[in-house]
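The lines below spell out each chain.
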Amino acid sequence: MGGTVPVLMVHPDWDAGTPAPTMIWMHGRTVQKEIDPGRYLRWMRAGVAVCAIDLPGHGERFDADLQDPDRTFDVVLGMINEIDAIADDLRHWSEFDADCMGIGGMSAGGMATLSRLCSPHTFTCTSVEATTGSWDHQRRRRMFRDRHDTEIETHNPLTRLDGWREIPMQAFHSRLDEWVGFDGQEVFINALRAQYDDPNQIELVVYDETGAPYEHAGFGRMAADAKDRQRDFLVRTLCRETPSTTA
């Protein structure tokens, strides 16, 4: 990866000699790429390779200043700007299938995912958790304090849906999420479904209550259910289509 972006790479069989469908995955604020081995193990056993990324200022590139909630928007923008270079680097690895590459993330990683998908790309599906594509619903959060409206709207997925290509999408959320309200993500999902030729390609999984911290991190007692549903979604959709546009 050019020595600039730390990643965790997991493969179903490094010695197989054939490329595996691949997911690029981005964690949330204040954690790191190794946070969820149960997710990666499920994907690996299902034949899906993983490229998990440390967000800017996180994990192996820890920066205490970028852990602050005030800097979350900077972290998201930084990650958006790194996604294409990471995907391009993966194309040089014969173990990873560039034509079967999905993208996803949770919380801040999910925000970067949804914003990136509003521009031309070659990803074949996406799965996100505890995040939002309607940034207007988060404007009270510290991450948007003192940020100019134009800067926010330039990257706000809800206002950029004309650039979204119809791909299979999965989204998870707790209805009681205290950090990223469900109302904003519901608005985004409904707007996205309205412009899909086949809205059934969008799967929204909503938990009424999970017991997770702040109903946001990890889905608590519903964690295994979420991970199993995500694995099944990737098996169904990751290699379902051939990308028609280039990043």
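Residues numbered from 1 in each chain as written. Predicted model: local features only at pLDDT ≥ 70, side-chain atom pairs only at ≥ 80, totals over all residues. Heavy atoms only, no water.

A few words on the packing of helix α2 (residues 72-90) against helix α3 (residues 108-116). Two numbers describe how α2 lies on α3: the axes approach to 9 Å, and their chain directions differ by 50 degrees. When the interaxial angle is binned, α2 and α3 end up oblique. Every pair of crossing elements has a handedness; the one defined by α2 and α3 is right-handed. Together, Thr72, Val76, Met79, Ile80, Ile83 and Asp84 of α2 and Ala108, Met111, Ala112, Ser115 and Arg116 of α3 make up the contact between the two elements. Counted by class, the contact of α2 with α3 contains seven nonpolar, two polar and two charged residues. (Axes fitted to C-alpha atoms, helices over the stretch in contact; angles between N-to-C directions. Helix = DSSP H or I, 4+ residues; strand = E, 2+ residues; numbered from the N terminus. Parallel < 35°, antiparallel > 145°, perpendicular 65-115°, else oblique. Left-handed = near helix turned anticlockwise from the far one by under 90°. Contact = heavy atoms within 4.5 Å. Nonpolar A, V, L, I, M, F, W, Y, C, P; charged D, E, K, R; others polar.)

This brings us to the nonpolar core. By size, the foremost hydrophobic cluster in this structure holds 45 residues, and its most contacted members are Ile24, Ile53, Trp164 and Met169. Counting residues per element, the ones that place at least two in this core are β2 (20-26), β3 (49-53), α2, β4 (96-106), α3, β6 (169-174) and α5 (182-195). For this core, the element with the highest residue contribution is α2, accounting for 10 residues. Beyond its immediate stretch of four places on either side in the chain, isoleucine 24 contacts Cys51, Ile53, Ile86, Ala87, Leu90, Met101, Gly102, Ile103, Gly104 and Phe123. Judged by nonpolar contacts, the second largest core, of 14 residues, contains Val10, Val50, Ala52 and Phe233. (Core = buried A, V, L, I, M, F, W, Y, C linked by side-chain atoms within 4.5 Å. Buried < 20%, exposed > 50% of the residue type's maximum accessible area, 1.4 Å probe, protein only.)

Quick look at the pattern of salt bridges now. Scanning the entire structure with this criterion turns up 25 salt bridges. A salt bridge links arginine 229 to aspartate 225; the nearest nitrogen and oxygen atoms lie 2.8 Å apart. Placement of the pair is arginine 229 and aspartate 225 together in helix α6 (residues 223-237), with a separation of four residues, close to one helical turn. Classification of arginine 229 by relative accessible area gives partly exposed; the value is 37%. Given the relative accessible area of 28%, aspartate 225 is considered partly exposed. The partner of arginine 231 in a salt bridge is aspartate 232, and the shortest N-O contact between them spans 3.0 Å. Residue aspartate 232 is classed as partly exposed on the basis of its relative accessible area of 34%. Within this structure, Asp65, Arg71, Asp74, Arg147 and Glu151 form a network of salt bridges that share partners. (Salt bridge = Lys/Arg side-chain N within 4 Å of Asp/Glu carboxyl O.)

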